[in-house]
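# Structure assessment
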Amino acid sequence: MVDIGKEDYAKYPFLPETGAFVKTLNFTITDLLNSDYNILENAKNRIIHGFKHGISPTSISNVEVEIFSFPLALLLIKSTNNSYAISKFALAESKRIENFLLNERQSVIPKLFEIILKIQPIEINDDSIDKWAYKIPLNSYLPRSLHLRGVNWRLVNRLVDQGFVYVKHKELVELLRSEIYEMIISKLDETKIPPSLLENKSISKTIKEIQNSMPRPPLNRSNIVFTGEYPPCVSKAIEMIKNGDQVKHYGKFLMTTFLLRAGKNVDDIIKMYPTSLGFSQSITRYQVEHIAGLKGGGTKYSVPSCKTMKTNDFCFKTEACGSIINPLQFRNKTNMVKKNARQKH
Amino acid sequence: MLDKNTESIKTIFRDYYKKNKNRINSPSRLKEREFGYLSFDGFMHRHISVSDFSDFLENIIYKSPKGVYASCSYYNHPAKNMAEKEWKGSDLAFDIDADALNLKCKNQHDHWICKNCGKVGKGSRPNNCTKCKDNKINVLTWSCSNCLGATKNEAIKLFDILVKDFGISQKDISIFFSGNKGYHLVVENSVYEKLDRRERREIVDYMLCKEISLQSLGFDKKFSYSQLIQHIPLSNQPGWPGRIAHFFTDYETGSSADSLNFSEKIAEIYSTKSKFNKIFKQSVISLRSNIDPSVTPDMSRIFRLPTSLHNKSGFAKIKCGDILSFEPSTQPVVLSSEPLKINITFCPVFTLKGITYGPFKKSTETLPTFASVYLLLHKLATIA
Ligand code: SF4
Ligand SMILES: [Zn+2]
Ligand SMILES: [Zn+2]
C-alpha cells in the first residue's frame, strides 16, 4: 500500500483523500476563522505570495493550517471576481504542486501521477535503460509533448517501445503541467461562495487586502477594439487553424497576440480551434493563456513586427500592407489602391 | 463524349466489377466512411455515404468509374461537406510509392516523349525536346522488379516499426499493394484512431527518422571517452537507439575497430567524425521507412478501395496476405487474358504474371487484355 499521509494532503489539494479529510472534520467557515491557528492569514499569504513570486509558498510549517488554507484561499480569490487574478492564483498553486512533485518520494509518485494523468505511468527498473524512470502510453505522450519546445521532446528522439514512450521523472512533471493547472481551475469552478461570507468582517477585510495587491492585467483589452479587416498574415493563420492545418508557432503566436489586442478574450480565441479535428481544448487553452500572459511568468507578449514575421516565414504581404512595420498598423486601403490603379489606365 | 480507347477501357473495367463484385469486401465501419469515385470523364465525386454496400457496388458497375475510394476517417455525417462531417477518428494510414524513393533504375526505365515530334528519350525529362526543341513533353514513369522490391522493403520496415515500437498488434495492420507502384499500410486500432494531424506528423517524422538528434542517442560532444561508452546505445535496446546501434555493430569498417566490443567499436568510429557521420547517415537511410509524409496526417483524404482497379495500371489494389512472399507483378494483375489488339507507339520492357513484353516501337500487337490495358492507360497505345 502506498502510504499517503496528512502531509501529502497539504501538498496536493487535488487528492481525493484531502477532500475526504476536510469533510470528516466538518469545519464551518466560522470554525476556521475562530481556530487558534491563523488559517485566514495563511490563505491570504498563499495568494499574495503567488502574485509576487509566481508560485505559492512551498514551505509547510503546519500541516493542518495548509490543508484548510487551500479551500479558504479558493473562496477568497474567487470573491475578487477578477479573472486575471484568479488565473494568476491557479498558476502559482500549480507551480507549487510541480515543485512538490519534483522532490517527491519515489513510493507515492505513481499514485499521484495516476490521479493527474488518469493512467498509471509504469516504473522502469531496468539497468540498461536506467536514464528513464517511467514509461507512458504513446497516445498520452503525444498531445502533451507537442507543445513543448526542444528537440528532446520530439517522438523521434525518444525511446519508444511497444506503444510506450520513456520519460524521466522531471519530464513527466513537465508533461503534466497543463493538467495540474486544469485541476486547480476545476477546484475553483467547484467552489461556491456562501452568501454570508462577505458579511464576515475579517473576510471582507482580507479580500480588500488581496485586491490591493492584485497584479494588473498585462493588456487593457477594453479600449482597443479592432474593427477593421485583419492583415493577410493574421487572416492566413486564422484560416489555417480553422482548416486544422499545422500552423507554425509564429503564426499562432501572431494570431493570438493580435486578436488579444483586437479585443478578443482567451475564450473567443480558443473557440476558433475546431474541436472536431482533435485539437485538445486544455492544451490550446494553456498555450493561449500563456501568450496572454496569464501563465508561465506572466510575461506580456506584444504583437511581433512585420520584420519578425518575415524572418519567421509567416508574412503574406499584399499591396494593402504598404510600408507598415507592425501588423497592428494594417488598415485596408485596397479600395484606394484600386481607385488609383484605375485612374492610371 | 469519351474517345474510343477510353470507352473500351471503361467496358473492361465494368466487366471486372460485374464479375468480381462478390470479392470486393465492405470496409469496416461502412456507414461512418466517406466514399467517392472518379469517372472516366475526369470528374471526382466525393462526400458519398453508403449504408448498403451491395447497392453501392451495383452503382459502381453502372457508373464504371476509373477509381473507387473510401475515407480512412470516420464521421457522424460522411455525406456532408468537410466542415460539417463531424470527425470521429481515422485509421492510421501510410503510403509508400516507388516514385518517391529516387531509385537508380528510374534512369533506365523512365522516359520522356515529345508531344510534338514523338522523340523518345531515357531518364528525366529535359526542358526542351532534344530534337525539335519543343517544350511540350510527356513523362513516362515506369516500374521494374527493382522498384517493386524496394517499395516492398520499405513496407516491411514500416510494418516492423509499427509492431515493435508502437506495439500495434499484427492483426490490426493491413498491408495493401496500391495497385500501381507501392503499398498502403492501414492500422485500425482504437488507441491510435483519435490522433490529430500534428500527432500523426510526429509519427511520420518518427518513421522517417527525421531530425533525429545525436545527443538524444547518447552522442554528446562534451562526453569523455568513459562517459561516451556509458551512454552509447546498445543494440539490444528498443526503438531507434537499438536499431542504429545494431547497424553500427554490424558495419564492417575494415579496420581494427571491427575486433572491439560493441560500445568500444562505436566509440572508436565516433572518434573520426567524418567516418561516423557517413555511417550514421547510411544507417538512417537504410533503417527508416520512406513513407510519403503528406499522406498520413491528411485525414480528409480518400484511399482506393481494396480490390478495386487502379486507373493508371488496370491492376487491383489488393491485400497482401504475407508481404514476404507477395508477388507484386502477378497477384494484382486481375484483368482477363483475352487477346486485345492494340497499336503501340512505344513502350519499354515490362513483366506481368511472369511473362516479359516489349520493348515495342510503332507496332501493332495482340496482347492479353491486362497487358494491353496497362499500355492503354499509360497512353502508349490505342485500340487497333
Ligand atoms: S507585411 Fe506585416 S501585416 Fe502584412 S502580411 Fe506581412 S507581416 Fe502581415
Ligand atoms: Zn520534339
Ligand atoms: Zn525500377
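Residues numbered from 1 in each chain as written. Chains lettered and ligands numbered in written order. Predicted model: local features only at pLDDT ≥ 70, side-chain atom pairs only at ≥ 80, totals over all residues. Heavy atoms only, no water.

On a plain count of helices and strands, chain A comes out with 17 helices and four strands. Accessible area of chain A: about 17,100 Å², with a carbon and sulfur share of 50%. (Helix = DSSP H or I, 4+ residues; strand = E, 2+ residues; numbered from the N terminus. Areas by Shrake-Rupley, 256 points an atom, 1.4 Å probe, with all protein chains shown as cover.)

Time to look at the site of ligand 1. Around ligand 1 sit Pro-231, Pro-232, Cys-233, Cys-306, Met-309, Cys-315, Phe-316, Lys-317, Cys-321, Ile-324 and Pro-327 of chain A, and that is every residue in its neighbourhood. Its residues placed into classes, the shell around ligand 1 shows 10 nonpolar, no polar and one charged. (Near = heavy atom within 4 Å. Nonpolar A, V, L, I, M, F, W, Y, C, P; charged D, E, K, R; others polar.)

All names here are of chain B. Surrounding the zinc ion (ligand 2) are the protein donor atoms Cys-114 (SG), Cys-117 (SG), Cys-129 (SG) and Cys-132 (SG), at 2.2 to 2.3 Å. In this structure, the zinc ion (ligand 2) is coordinated by four donor atoms arranged in tetrahedral fashion, with angles at the metal of 104 to 115°. Binding-site remark: the zinc ion (ligand 2) is held by donors from one chain whose sequence spacing is C-x2-C-x11-C-x2-C. You can see Cys-117 sitting in the loop between strand 7 (111-114) and strand 8 (120-122) and its partner Cys-129 sitting in the loop between strand 8 and strand 9 (137-140), a full 12 residues away along the chain. A relative accessible area of 30% places Cys-117 in the partly exposed class. Residue Cys-129 is classed as buried on the basis of its relative accessible area of 1%. (Donors = N, O, S within 2.8 Å, 3.2 Å for Na, K, Ca; no water. Tetrahedral: all angles 85-135°; square planar, octahedral: opposite > 155°, others 65-115°. Buried < 20%, exposed > 50% of the residue type's maximum accessible area, 1.4 Å probe, protein only.)

Here helix 8 (residues 239-250) of chain B contains 12 residues, and its C-alpha end-to-end distance of 17 Å stays within 8% of the 16 Å for a straight helix at 1.5 Å per residue. Of all 12 residues making up helix 8 of chain B, 10 are buried, and the element is well covered by its neighbours. All buried positions along helix 8 of chain B are accounted for by Gly-239, Trp-240, Pro-241, Gly-242, Arg-243, Ile-244, Ala-245, Phe-247, Phe-248 and Thr-249 of chain B. Its buried side turned inward, helix 8 of chain B meets strand 3 (160-161) of chain A together with helix 4 (145-164), helix 5 (197-208), helix 6 (214-217), helix 9 (262-270) and helix 10 (273-287) of chain B. (Expected span 1.5 Å × (residues − 1). Contact = heavy atoms within 4.5 Å.)

If you look at the biggest cluster of nonpolar residues, it comprises 164 residues, and the most contacted ones within it are Leu-155 of chain A together with Phe-94, Phe-166, Leu-185, Ile-203 and Leu-375 of chain B. At 11 residues, the largest contribution of residues to this core is made by helix 5 (residues 63-79) of chain A. Beyond its immediate stretch of four places on either side in the chain, Leu-185 of chain B contacts Leu-92, Ala-93, Phe-94, Ile-96, Ala-155, Leu-158, Phe-159, Leu-162, Ile-173, Ser-174 and Ile-175 of chain B. Met-240, Leu-254, Leu-260 and Ala-292 of chain A belong to the second largest nonpolar core, which has 23 residues in total. (Core = buried A, V, L, I, M, F, W, Y, C linked by side-chain atoms within 4.5 Å.)

Turning our eyes to something else, we now look at the packing of aromatic side chains. Residue and element names in this part refer to chain B. A full pass over the atoms with the stated rule returns 26 aromatic pairs over all chains. Ring geometry for Phe-350 versus Tyr-357: centroids 5.3 Å apart, planes at 25°, classification stacked. By relative accessible area, Phe-350 is classed as buried at 4%. Its relative accessible area of 8% is what places Tyr-357 among the buried residues. (Phe/Tyr/Trp six-rings, centres within 6.5 Å; stacked < 30°, edge-to-face > 60°.)

A few words on the coordination of the zinc ion (ligand 3). Residue and element names in this part refer to chain B. At 2.1 to 2.3 Å from the zinc ion (ligand 3) lie its protein donor atoms, namely Cys-105 (SG), His-109 (NE2), Cys-144 (SG) and Cys-147 (SG). In terms of primary sequence, the donors binding the zinc ion (ligand 3) are separated according to C-x3-H-x34-C-x2-C. Taken as a pair, Cys-105 in the loop between strand 6 (92-97) and helix 3 (106-109) and Cys-147 in helix 4 lie far apart in primary sequence, 42 residues in all. Residue Cys-105 shares its accessibility class with Cys-147, and that shared class is buried.

On to unusual backbone geometry, then. Residue and element names in this part refer to chain B. Between Gly-358 and Pro-359 the backbone carries a cis peptide bond, its omega angle lying at 0°. Relative to the assigned elements, Pro-359 resides in the loop between strand 16 (355-357) and strand 17 (360-368). For Lys-133, which is not a glycine, the phi torsion comes out positive at approximately 70°. Secondary-structure assignment places Lys-133 in the loop between strand 8 and strand 9. One non-glycine residue, Glu-211, lies in positive phi territory at about 55°.

Residue and element names in this part refer to chain A. Segmenting chain A into domains produces domain 1 (6-102 + 182-213), domain 2 (112-178) and domain 3 (232-344). Across the boundary between the two partners, domain 2 contributes six residues, which contact four residues of domain 3. When domain 2 packs against domain 3, close to 490 Å² is buried across both sides, 65% of that on carbon and sulfur atoms. When the buried surface of domain 2 facing domain 3 is broken down by residue, His-147, Arg-149 and Ser-178 rank first, second and third, together holding 72% of it. (Domains from an automatic or database assignment. Buried area = accessible area lost by both parts, 1.4 Å probe.)

Listed per partner, the contact involves 30 residues of chain A and 29 residues of chain B. Of the roughly 2,600 Å² buried where chain A meets chain B, counting both sides, 58% is carbon and sulfur surface. Seen at the junction of chain A and chain B, the total is one salt bridge. Here Glu-202 of chain B and Arg-154 of chain A are joined by a salt bridge, their closest N and O atoms 3.0 Å apart. Counting across the chain A and chain B interface gives eight residue pairs in polar contact (both at pLDDT 80 or more). When residues of the side of chain A that touches chain B are traced back to their parent elements, those giving at least two are helix 8 (138-145) and strand 3 of chain A. Here the side of chain A that touches chain B takes four residues from helix 8 of chain A, the largest share from any one element. In the side of chain A that touches chain B, the residues fall into 14 nonpolar, 10 polar and six charged. (Salt bridge = Lys/Arg side-chain N within 4 Å of Asp/Glu carboxyl O. Polar contact = N/O pair within 3.5 Å; in protein donor to acceptor, adjacent residues only side chain to side chain.)

Another aspect to go through is the packing of helix 1 (residues 4-20) of chain B against helix 2 (residues 53-63) of chain B. All names here are of chain B. In contact at an axis separation of 8 Å, helix 1 and helix 2 are set at 155° when each is read in the N-to-C sense. Considering their axes alone, helix 1 and helix 2 lie roughly antiparallel with respect to each other. Note that helix 1 runs across helix 2; the crossing there is left-handed. Of helix 2, the residues touching helix 1 (which contributes Lys-10, Arg-14, Tyr-17 and Lys-18) are Ile-60, Ile-61, Tyr-62 and Lys-63. (Axes fitted to C-alpha atoms, helices over the stretch in contact; angles between N-to-C directions. Parallel < 35°, antiparallel > 145°, perpendicular 65-115°, else oblique. Left-handed = near helix turned anticlockwise from the far one by under 90°.)

Turning next to the pattern of salt bridges. Residues and elements named next belong to chain A. Within the structure shown, the criterion is met by 32 salt bridges over all chains. The residue Glu-209 makes a salt bridge to Lys-44 at a minimum N-O spacing of 2.6 Å. With Glu-209 in helix 11 (residues 201-212) and Lys-44 in helix 4 (residues 39-53), the pair connects residues that are 165 residues apart, well separated along the chain. Judged by its relative accessible area of 11%, Lys-44 falls in the buried class. Among the ionic pairs, Arg-46 bridges to Glu-66, the shortest N-O distance being 3.6 Å. Of the two residues, Arg-46 is situated in helix 4 and Glu-66 in helix 5; the sequence distance between them amounts to 20 residues. Overall, Glu-66 belongs to the buried group, its relative accessible area being 5%. Here the salt bridges share partners, and the residues they tie into one network are Asp-8, Lys-11, Glu-104 and Arg-105.

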